[in-house]
Amino acid sequence: MLDGDKVAKFTNCLFESYEKCRGKAVKSIPDFLFWDVVVLTTGDAEQQRVFEMQLESKRSRGELPTDVPFHVFSDPPNTKTGNGGATINSLAELESIYKERLSSMRVLLIHAGGQSKRLPCASIMGKIFTAIPVGPHISDMLDLNLAMFLPFLKKMQPGVFVTCSDVILPYFLDCGGDWSFELPGFTVLAHPSSIEIATKHGVYVLKDAGAALQKSVGTFQCLKVLQKPCEKDIRENGAIVEKNGEEFVFTDSVFFFDHNVSSRLLRFHADCGPITCEIDGYGDFLQALGPLANSDYINNTSNVSYVKPELLNMRLKVFDLLKCLPLNTTVLNDSKFYHLGTMQEYVTNFCEDMTLCKVMNFKRSAFSKVVQDRSNIPGSVEGSILHSVVISSSVIPEISVVEFCHFDIPFKIGENSIISNCEYISNLQGDSNLKCDGKILEIPSNTFIHTVPIKLGSDTFYITIMCSTGDDLKASTLKNEVDELKYFGHDFTKVLDAWGRSVDDIFPKTETCSLWRARLFPALPNMSQALVASLSLLSDLADSGPKFQIPSDTVWLSMADMMTMKDVSGMLEYRNLLHGVIKASLLSEI
């Protein structure tokens with residue numbers, strides 16, 4: 001239930017407000033409220049290093065407040081703690097830094113870990129640094145998170161505001177309305193959703209749900225939380241409200257807790273040590289809250305990646321720690337929850353969902369340059385273009401995304417495609433076997449392509465990973481059943497035949513096979529070669545287009561290899577150079 005014009009105007013004000021503090025000291029801005037500290041959590045120490053490098057890069061470009069500390073905390077080695085466990089561990093880290101000062105601070109905690117297998121263009125740099133099509137300069141999901149929740153600070157006591165890196169939450173807030181983040185315990189944001197959507201999210205059972213639907217915004221008592229309930233449970237628990245004959249349910253997004261709760265969690269950490277099993281902030285924290293909470297959910301481990309022996313006992317301890325604490329629900333009736341975690345969501349949210357594009361003020365071109373083709377060949381650049389340089393005679397359909405790309409020749413892509421971090425510079429392509437001999441690069445519909453620098457010994461090489469936007473990169477099978485894997489819609493034996501390779505070439509030393517671990521991508525000396533090589537393989541698979549000879553001594557790598565061999569410094573260097581090219585070009589137009 002979004003009032004598009006009202007929400008769009010409100011969103012624009014949020015970004016204008018956030019713009020005031022980018023590259024400036026927050027304390028120097030009169031009457032400006034901002035977070036006292038911002039925390040990002042990651043899955044491991046390597047991702048922590050990647051995030052810290054990107055924060056430093058953003059600081060150097062004047063994109064963050066200069067006097068606000070940003071911390072990055074990772075899970076303990078060889079563990080997956082879930083966002084609840086990461087919250088507890090992060091509080092312990094903050095206490096060690098700020099001591100008693102922590103109790104007076106308002107903390108923004110953004111959970112941003114994971115390998116992002118469903119959106120591989122975020123695998124290296126992290127979903128929190130995913131570019132978004134907002135404004136004349138480059139913005140990312142971190143900027144979005146820093147901007148979107150600023151209005152809540154005016155009615156927020158010291159505490160911890162918890163969100164995730166792949167959430168887009170357009171809303172309208174009556175800043176003088178009857179709402180608050182100053183009540184004891186937990187306060188959550190709730191949004192009206194259909195029953196179908198509610199079965200995939202957390203559901204809030206409110207004490208006075210009918211009244212909650214009548215106001216634009218208000219804070220109400222929550223009796224109980226249901227996690228991904230079936231429709232029968234939703235109805236039996238009285239979670240449904242009606243308006244104008246339509247049924248709604250209030251669903252979850254982000255949550256806040258005061259420092260009395262922090263103290264409980266810190267004592268828990270002191271008694272138990274660092275959390276080393278999956279504790280979920282939504283499933284384990286919120287389901288323990290409210291007067292009707294019970295522990296029935298504890299044995300349900302369907303959403304746990306790895307069930308450790310100590311998990312159930314730890315979940316019970318968390319329930320006992322938090323049970324029946326107050327749960328206050330701030331209902332935003334002019335709001336909607338969007339997820340940005342898959343390739344299809346990426347294209348849909350930026351290109352197809354006109355409601356989201358309107359209320360978030362998404363642009364078709366954000367911090368990008370379309371260079372006029374001297375030949376004056378007509379093109380059609382209509383897609384979402386982010387932080388890129390493209391030629392005007394290119395063909396980019398309305399429903400496709402191009403991000404962090406630099407092309408000095410035209411290219412033509414089909415619909416529903418994502419072209420990320422790719423470069424083709426004519427005088428840099430090198431080996432004549434790997435040149436684009438024609439005047440245009442062609443990329444089919446429903447294609448994801450992403451170029452990554454990797455380290456082979458002390459040398460930097462590049463691989464261009466590619467898949468269909470509909471491929472399941474997580475799906476796995478045994479080697480003798482490899483045709484159960486589908487790649488661009490083809491049985492895997494066709495892939496092997498088309499490329500003249502064997503299953504042992506692509507899956508060495510393993511009996512379990514997945515597209516994520518398939519060594520399908522040649523490592524080559526520069527980005528242009530890597531792109532053309534992968535496109536040539538794609539044309540081989542489709543039995544169309546020109547053929548290219550890939551050197552026989554080429555090393556072939558998988559997406560999993562990409563994660564362990566990535567050259568983050570090389571990735572940042574490319575993006576920073578591209579940033580300079582675009583900035584200089586845009587300044588020359590002023």
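Reading the values: rules and limits
- Residues numbered from 1 in each chain as written.
- Predicted model: local features only at pLDDT ≥ 70, side-chain atom pairs only at ≥ 80, totals over all residues.
- Heavy atoms only, no water.
- Helix = DSSP H or I, 4+ residues; strand = E, 2+ residues; numbered from the N terminus.
- Rg over C-alpha atoms; globule rule 2.2 N^0.38 Å.
- Buried < 20%, exposed > 50% of the residue type's maximum accessible area, 1.4 Å probe, protein only.
- Contact = heavy atoms within 4.5 Å.
- Areas by Shrake-Rupley, 256 points an atom, 1.4 Å probe, with all protein chains shown as cover.
- Lys, Arg positive; Asp, Glu negative; His and termini not counted.
- Charge placed at Lys NZ, Arg CZ, Asp CG, Glu CD.
- Salt bridge = Lys/Arg side-chain N within 4 Å of Asp/Glu carboxyl O.
- Axes fitted to C-alpha atoms, helices over the stretch in contact; angles between N-to-C directions.
- Parallel < 35°, antiparallel > 145°, perpendicular 65-115°, else oblique.
- Pairing = 2+ DSSP bridges.
- Nonpolar A, V, L, I, M, F, W, Y, C, P; charged D, E, K, R; others polar.
- Phe/Tyr/Trp six-rings, centres within 6.5 Å; stacked < 30°, edge-to-face > 60°.
- Core = buried A, V, L, I, M, F, W, Y, C linked by side-chain atoms within 4.5 Å.
- Expected span 1.5 Å × (residues − 1).
- Arc of directions from axis to C-beta.
- Polar contact = N/O pair within 3.5 Å; in protein donor to acceptor, adjacent residues only side chain to side chain.

Engineer: Quick rundown of the overall build of the protein? Include the residues and the values.
Structural biologist: A tally of helices and strands in the protein yields 17 helices and 35 strands. Relative to a compact globule of 590 residues, whose C-alpha radius of gyration would be 25 Å, the protein shows 25 Å and is just as compact. Counting only C-alpha atoms and orienting by the principal axes, one finds that the protein spans roughly 70 × 60 × 55 Å. Looking at the protein residue by residue over its 590 residues, the buried ones come to 59%. Of the contacts formed within the protein by residues at least 6 apart in sequence, a portion of 71% connects residues at least 24 apart. Surface accessibility of the protein: about 23600 Å² in total, with carbon and sulfur atoms responsible for 49%. Across the protein, the centroid of the 55 positively charged side chains sits 4 Å from that of the 71 negatively charged ones.

Engineer: I'd like a description of the pattern of salt bridges, backed by residues and values.
Structural biologist: Under the criterion given, the structure shown has 21 salt bridges. A salt bridge links Glu 63 to Lys 58; the nearest nitrogen and oxygen atoms lie 3.0 Å apart. Comparing Glu 63 with Lys 58, the two get one shared label, buried. Residue Lys 58 is joined to Asp 143 by a salt bridge in which the shortest nitrogen-to-oxygen separation is 3.0 Å. With Lys 58 in helix H2 (residues 45-60) and Asp 143 in helix H4 (residues 141-148), this residue pair connects regions lying 85 residues apart in the sequence. The same class applies to Lys 58 and to Asp 143, which are both buried.

Engineer: Describe the packing of helix H3 (residues 82-98) against helix H8 (residues 259-272), listing the residues and the values that go with them.
Structural biologist: In the contact formed by H3 and H8, the axes pass within 9 Å of each other and the chain directions differ by 95°. Between H3 and H8, the interaxial angle falls into the category roughly perpendicular. Residues Ile 88, Asn 89, Leu 91, Ala 92 and Glu 95 of H3 form the contact with H8, whose participating residues are Ser 262, Leu 265, Leu 266, Phe 268 and His 269.

Engineer: Pulling in residues and values, what's your account of the sheet that holds strand E29 (residues 459-468)?
Structural biologist: Pairing within the open sheet is mixed, and its 6 strands lie in the order E16-E19-E22-E25-E28-E29. Edge positions in the open sheet fall to strand E16 (365-366) and E29, since each of these has one partner strand only. Of the pairings in the sheet, the one linking strand E19 (residues 384-386) to strand E22 (residues 401-403) comprises 3 bridges and is parallel in character. Across the sheet, Ser 384 pairs through a bridge with Val 401, a residue of E22.

Engineer: So what's going on with the pairing of strand E11 (residues 240-243)? Which residues, and what values?
Structural biologist: By the bridge criterion, 4 bridges tie E11 to strand E12 (residues 246-251) in an arrangement that is antiparallel. The partner of Ile 240 across the bridge, within E12, is Val 249.

Engineer: Summarise the packing of helix H1 (residues 4-19) against H4; cite the residues concerned and give the values.
Structural biologist: Any two packed helices are characterised by the angle at which their axes cross and by the distance between the axes. At their nearest, the axes of H1 and H4 sit 9 Å apart, and the two run at 100° to each other. Between H1 and H4, the interaxial angle falls into the category roughly perpendicular. Within the contact between the two elements, H1 uses Thr 11, Leu 14, Phe 15 and Tyr 18 and H4 uses Asp 143, Leu 144, Leu 146, Ala 147 and Met 148. Within the contact of H1 with H4, the residues separate by chemical class into 7 nonpolar, 1 polar and 1 charged.

Engineer: Tell me about the packing of aromatic side chains, and please be specific about residues and values.
Structural biologist: Under the definition given, this model contains 25 aromatic pairs. On the numbers, 6.3 Å between centres and 15° between planes, the contact of Phe 32 with Phe 34 is stacked. Residues Phe 32 and Phe 34 agree in their burial class; the two are buried. Between Phe 149 and Phe 152, the aromatic rings sit 6.3 Å apart at their centres with planes inclined by 25°, giving stacked as the arrangement. You'll find Phe 149 and Phe 152 in the same group, each marked buried. Cluster of aromatic residues (ring-pair linked, three or more members): Phe 10, Trp 35, Phe 149, Phe 152, Phe 161, Tyr 171, Phe 172, Trp 179, Phe 181 and Phe 256.

Engineer: Tell me about the nonpolar core, and please be specific about residues and values.
Structural biologist: Counting residues in hydrophobic clusters, the biggest one holds 197 residues, and the most contacted among them are Phe 152, Phe 186, Leu 322, Tyr 487 and Phe 492. Of all the elements, helix H15 (residues 527-541) adds the most residues to this core, at 9 residues. Every residue in contact with Phe 186, bar those within four places of it in the chain, is listed here: Phe 255, Phe 256, Phe 257, Val 261, Phe 285, Leu 286, Leu 289, Leu 322, Leu 325, Pro 326, Leu 327 and Asn 328.

Engineer: Which residues make up H8, and what values go with them?
Structural biologist: Here H8 is 14 residues long and its end C-alpha atoms lie 19 Å apart, about the 20 Å a rise of 1.5 Å per residue gives. Listed in full, the buried residues belonging to H8 are His 259, Val 261, Ser 262, Leu 265, Leu 266, Phe 268 and His 269. One side of H8 carries all its buried residues, which in axial view fall inside an arc of 160°. Away from its buried face, by an angle of more than 90 degrees, H8 presents the exposed residues Asn 260, Arg 267, Ala 270 and Asp 271. Looking at the buried positions of H8, the neighbouring elements they touch are H3, strand E6 (159-164), strand E8 (186-193), strand E13 (255-258), helix H9 (281-285) and helix H10 (311-322). Measuring from the backbone nitrogen of Asn 260 back to the side-chain oxygen at the start of H8 gives 3.1 Å, which picks out Asp 258 as the cap. One or two steps after H8, the chain reaches Gly 273, where phi turns positive at roughly 80°.

Engineer: Give a description of the side chain of Asp 284 that names residues and reports values.
Structural biologist: Relative to the helices and strands, Asp 284 resides in helix H9. Separated by 2.7 Å, the side chains of Asp 284 and Arg 315 make a polar contact. Discounting residues that sit within four places of it in the chain, Asp 284 has contacts with Glu 278, Ile 279, Tyr 297, Arg 315 and Val 318.

Engineer: Please provide a residue-by-residue account of the environment of Glu 442, values included.
Structural biologist: With respect to the helices and strands, the residue Glu 442 is situated in strand E27 (residues 441-443). A relative accessible area of 54% places Glu 442 in the exposed class. Along the primary structure Glu 442 and Val 532 are separated by 90 residues, whereas in three dimensions their C-alpha atoms are 10.0 Å apart.

Engineer: Run through H10, naming residues and quoting values.
Structural biologist: The terminal C-alpha atoms of H10, which comprises 12 residues, lie 17 Å apart, in line with the 16 Å expected from a rise of 1.5 Å per residue. For H10, the full list of buried residues reads Leu 311, Met 314, Arg 315, Val 318, Phe 319, Leu 321 and Leu 322. For H10, the buried positions fall inside an angular range of 160° around the axis, keeping them on one side. Elements in contact with the buried residues of H10: E8, H8 and H9. Of the residues one or two after H10, Cys 324 is the one with positive phi, at around 65°.

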